[in-house]
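# Coordinates in review
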Amino acid sequence: MLDIAKEREVEGDVILADMGEGLCFRAGAFDGAISISALQWLCNADKRDHKPAKRLYTFFTSLYGCLSRGARAVFQFYPENATQIELVTTQAMRAGFGGGLVVDYPNSTKAKKYFLVLLTGGPQKLPAALGTEEEVSRQAKYSKAQKDKIKRGESVKSSRDWILEKKERRRRQGKEVRPDTKYTARKRAGKF
């Protein structure tokens, strides 16, 4: 990746380093940090002298020093189990960070994403997670008209409200759904 960055003449400097050995930047150099899928690799002991807890603590203390006060660091990671989540968050809090874990779409198996949001310099509010509006009910909510249709033995699935409710449930689960239009749930004409 660094060679490709050099070929494309990316602005700024590039560096190759092991983040488990700490960061080599001056104090307060950054207003924020973002990482995707790098943090969980510090939880592995690839060499005999690698100790995950120590490597995480070294990384977080050096990161805390590199960030200015009031800055945020956000790490998307994929923990293997709850023990790994606890290890990562414990070491970050020991290093002086505030913040916590934000889970997008916690009820979904495919769309669930873990974000470690770390805050420096006083109390700040954590961002809201996606897909956590209210507890998603297992059944569709029916209007009075729909309940009357059920009593008469008519199909409720053909109604526009039921289809819109189903699409909204799938959105809350993090699934891809086509946008609602004026043609959603429209009755189709006979043969053309």
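The structure under discussion appears in the preceding block.
What this report covers is the structure whose coordinates are included nearby. This one's a predicted model, so the numbers in the text were calculated from it and none came from an experiment.

Here we come to the sheet that holds strand 2 (residues 67-77). Across the sheet, which stays open at both edges, the four strands sit in the order 1-2-4-3 with mixed pairing between neighbours. Two strands lie at the open edges of the sheet, namely strand 1 (30-36) and strand 3 (98-104), each paired on one side alone. Averaged over neighbouring strand pairs, the angle between their axes works out to 10° when direction is ignored. Judged from the seven bridges that link them, strand 3 and strand 4 (residues 113-119) form a sheet pairing that is antiparallel. Considered in strand 4, the bridge of Gly-98 is made with Leu-119. Across the face of the sheet, helix 2 (residues 52-66) comes into contact with strand 1, strand 2 and strand 4 while running at roughly 140° to strand 2.

A few words now on the packing of aromatic side chains. Here the structure, examined in full by the defined rule, presents seven aromatic pairs. Over the ring of Tyr-64 we find Arg-69; its NZ or CZ atom is 4.5 Å from the centre of that ring. Across from the ring centre of Tyr-57, 4.3 Å away, lies the NZ or CZ of Arg-94, which sits over that ring.

Another aspect to go through is helix 2. Its 15 residues give helix 2 an end-to-end C-alpha distance of 21 Å, which sits within 8% of 21 Å, the value for a rise of 1.5 Å per residue. Taken residue by residue, helix 2 has Arg-55, Leu-56, Phe-59, Phe-60, Ser-62, Leu-63 and Cys-66 as its buried positions. When helix 2 is viewed along its axis, its buried side chains cluster within an angular range of 165° and face the same direction.

Below, the discussion takes up the nonpolar core. By size, the foremost hydrophobic cluster in this structure holds 20 residues, and its most contacted members are Leu-39, Phe-60, Phe-75, Leu-116 and Leu-118. Sorting the residues of this core by element identifies helix 2, strand 2, helix 3 (82-94) and strand 4 as the ones contributing at least two each. Looking at this core element by element, the count peaks at five residues for strand 2. Setting aside its immediate chain neighbours within four residues, Leu-39 contacts Met-19, Leu-56, Phe-59, Phe-60, Phe-75, Phe-77, Val-88 and Leu-116.

Where helix 2 meets helix 3, the closest approach of the two axes is 8 Å, and the angle between their N-to-C directions is 45°. Accordingly, the angle class assigned to the pair helix 2 and helix 3 is oblique. Our pair here, helix 2 against helix 3, has a crossing hand that is right-handed. Touching Pro-52, Ala-53, Leu-56, Tyr-57 and Phe-60 of helix 2 are Leu-87, Val-88, Gln-91, Ala-92 and Arg-94, all from helix 3. Looking at the contact of helix 2 with helix 3 residue by residue, the classes come out as eight nonpolar, one polar and one charged.

About the thresholds
- Residues numbered from 1 in each chain as written.
- Predicted model: local features only at pLDDT ≥ 70, side-chain atom pairs only at ≥ 80, totals over all residues.
- Heavy atoms only, no water.
- Pairing = 2+ DSSP bridges.
- Helix = DSSP H or I, 4+ residues; strand = E, 2+ residues; numbered from the N terminus.
- Axes fitted to C-alpha atoms, helices over the stretch in contact; angles between N-to-C directions.
- Contact = heavy atoms within 4.5 Å.
- Phe/Tyr/Trp six-rings, centres within 6.5 Å; stacked < 30°, edge-to-face > 60°.
- Lys NZ or Arg CZ within 6 Å of the ring centre and 35° of its normal.
- Expected span 1.5 Å × (residues − 1).
- Buried < 20%, exposed > 50% of the residue type's maximum accessible area, 1.4 Å probe, protein only.
- Arc of directions from axis to C-beta.
- Core = buried A, V, L, I, M, F, W, Y, C linked by side-chain atoms within 4.5 Å.
- Parallel < 35°, antiparallel > 145°, perpendicular 65-115°, else oblique.
- Left-handed = near helix turned anticlockwise from the far one by under 90°.
- Nonpolar A, V, L, I, M, F, W, Y, C, P; charged D, E, K, R; others polar.

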